[in-house]
Protein chains: 2
Amino acid sequence: MKEQNMNILTQTQIAYLAGFIDGDGSIIAQIVKRSDYILNYQIKVSVNFIQRKERKHFLLQFKNEVGTGTLRDRNDGITELNIVGINSVLPFLKQLQPFLRLKRKQANLVIQIIEQLPLTKNDPQKFLDLCKLADQVANLNDSKNRSISTDTVKMTFQDLGLIKK
Amino acid sequence: MKEQNMNILTQTQIAYLAGFIDGDGSIIAQIVKRSDYILNYQIKVSVNFIQRKERKHFLLQFKNEVGTGTLRDRNDGITELNIVGINSVLPFLKQLQPFLRLKRKQANLVIQIIEQLPLTKNDPQKFLDLCKLADQVANLNDSKNRSISTDTVKMTFQDLGLIKK
């Protein structure tokens, strides 16, 4: 798997970021609709930070430190830093994992999802297995407004005849 | 100043806790009414962590690691870890300070307050100066429901004839 250009961080930098993420960051695996994908769905992985817009420069500092990520100003006065996609999220989480405490389970699940994603290309059943892991991540995150879960994907796959009813 | 028994933490432990506090902790200096005090008020300093009750064990881990603090279950399903008082907060913040980013200003102000508190014993004007620092901490914390500010204390001091009107 190609790893995106990402800075090598010091132990204290990683420990700090792990603490920050455990406190206020999110490690996410989200099932999203993608009509252009063979399986109609994609599992989108990301690590996200939010902060009030007037403290945006701290997020910029994180972005420069990590060496990847996208800043986005929302309409509600909040700025997000999003590290998105398997090539960024995998090396980042692998660095963070030993230092995470509250969100280590989420990190382990997302790492597992990313590492097994190549096996799902033509295997709807395997993809459903990974959707179940994504559901577990959402549950650990106390996520309330998840729109697509494993059950949604399963029903689509049955309708499309990709798996048996 | 007597320093309470507090564990010596490793660099990565401190960096982690600094990150966690920057993300979700609070560094607080609160002016509270204390009728038994000569000046009628006290500046209460604390470092606080909150977490949903089902993740209380992480707060217990922090408490054991730091070597001080009090756990308290609130009625709303949240547990707090409070590190309160100058003898605990000063050595803790001094360890954290170099690693804090978003809340380093709060830490510096609270350290300043603690170090100057002994000078306020019989000096209402000096106490008011420290109340102003406490106000600055509250502003940095986006604190909205602060009941007592420097102005409140100043008016009481004037009423009591401790300072000129």
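Everything numeric in this text was worked out from a predicted model, so none of it was measured.

S.K.: I would appreciate a short explanation of the nonpolar core in the present structure.
M.R.: With 100 residues, the main nonpolar core has Phe49(A), Phe92(A), Phe49(B) and Phe92(B) as its most contacted residues. Once residues lying within four places of it in the same chain are set aside, the contact partners of Phe92(B) are Met6(B), Leu9(B), Leu17(B), Ile21(B), Val47(B), Phe49(B), Val66(B) and Ile83(B).

S.K.: Could you clarify how one ought to interpret the relation of the copies chain B and chain A in this entry?
M.R.: Overlaying chain B on chain A yields an RMSD of 0.0 Å, the required transformation being a rotation through 180 degrees with an accompanying axial translation of 0.0 Å. Such a turn and shift between the copies fits a two-fold axis. Comparing interface residues between copies, 100% of those in chain B also lie at the interface in chain A; the contact surface is shared.

S.K.: Hey, could you run me through the sheet that holds strand β4 (residues 78–84) of chain B in this one?
M.R.: Hydrogen bonding along the main chain pairs the strands of a sheet, whether they run parallel or antiparallel. Residue and element names in this part refer to chain B. Pairing is antiparallel in the open sheet, where four strands are placed in the order β1-β2-β4-β3. Strand pairing shows two members of the sheet lacking a second neighbour, β1 (26–33) and β3 (70–73), which therefore form its edges. The average undirected angle you get between the axes of adjacent strands in this sheet is 35 degrees. Those strands touched by helix α5 (residues 124–140) are β1 and β2 (41–52), and its axis lies near 135 degrees from that of β1.

S.K.: Looking at this model, I keep getting lost on the pairing of β4(B). Mind explaining?
M.R.: Along any regular strand the residues' side chains alternate between the sheet's two faces. Residue and element names in this part refer to chain B. The buried count for β4 comes to six of seven residues, which makes it a mostly enclosed element. Pairing of β2 with β4, which is carried by seven bridges, proceeds in the antiparallel orientation. In the strand pairing of β4, Phe49 is matched with Leu81. Here four bridges tie β3 to β4, and the two strands are oriented antiparallel to one another. Along β4, the bridge assignment pairs Thr70 with Asn82. The turn joining β3 and β4, which pair antiparallel and follow one another in sequence, is formed by four residues; a positive phi near 85 degrees is taken by Gly77.

S.K.: How should I be thinking about the UniProt feature "domain: Homing endonuclease LAGLIDADG" (unreviewed entry) in chain A in this particular structure?
M.R.: The sites that UniProt annotates as "domain: Homing endonuclease LAGLIDADG" (unreviewed entry) are residues 17–95 of chain A. Taken end to end, residues 17–95 of chain A is 37% helix and 39% strand, and its first and last C-alpha atoms sit 10 Å apart.

S.K.: Got a minute to help me understand the side chain of Gln106(B) in this structure?
M.R.: Counting through the fold element by element, Gln106(B) comes out in helix α4 (residues 104–116). Setting aside its immediate chain neighbours within four residues, Gln106(B) contacts Ile27(B), Val137(B), Leu140(B) and Asn141(B).

About the criteria used
Per chain, residue numbering runs from 1 following the sequence as it is written. Chain letters start at A and ligand numbers start at 1, both assigned in the order the entries are written. Per-residue local features of the predicted model are confined to residues with pLDDT of at least 70, and side-chain atom pairs are confined, for both listing and counting, to 80 or more; whole-chain, interface and lining totals are unaffected and use all residues. Side-chain measures here rest on the full set of heavy atoms in the structure, leaving out hydrogens and waters. Each nonpolar core is a collection of buried residues, namely Ala, Val, Leu, Ile, Met, Phe, Trp, Tyr and Cys, held together in the definition by side-chain atoms within 4.5 Å. Three labels apply to residues, based on accessible area from a 1.4 Å probe with only protein chains included: buried if under 20% of the type maximum, exposed if over 50%, partly exposed otherwise in between. When checking whether two residues touch, look at their non-hydrogen atoms; a contact exists if any pair is within 4.5 Å. Residues below a pLDDT of 70 in either copy are left out; the C-alpha atoms of the rest, at least 70 in both, set the least-squares superposition of the copies. Pairing between two strands is assigned when DSSP locates at least 2 bridges connecting them. Think of it this way: any DSSP run of H or I at least four residues long counts as a helix, any run of E at least two long counts as a strand, and we number them from the N terminus. Think of each axis as a best-fit line through the C-alpha atoms, taken over the contacting stretch in the case of a helix, with angles from 0 to 180 degrees between the N-to-C directions. UniProt positions are given in the numbering used here, feature names are shortened, and annotations may be inferred rather than shown by experiment.

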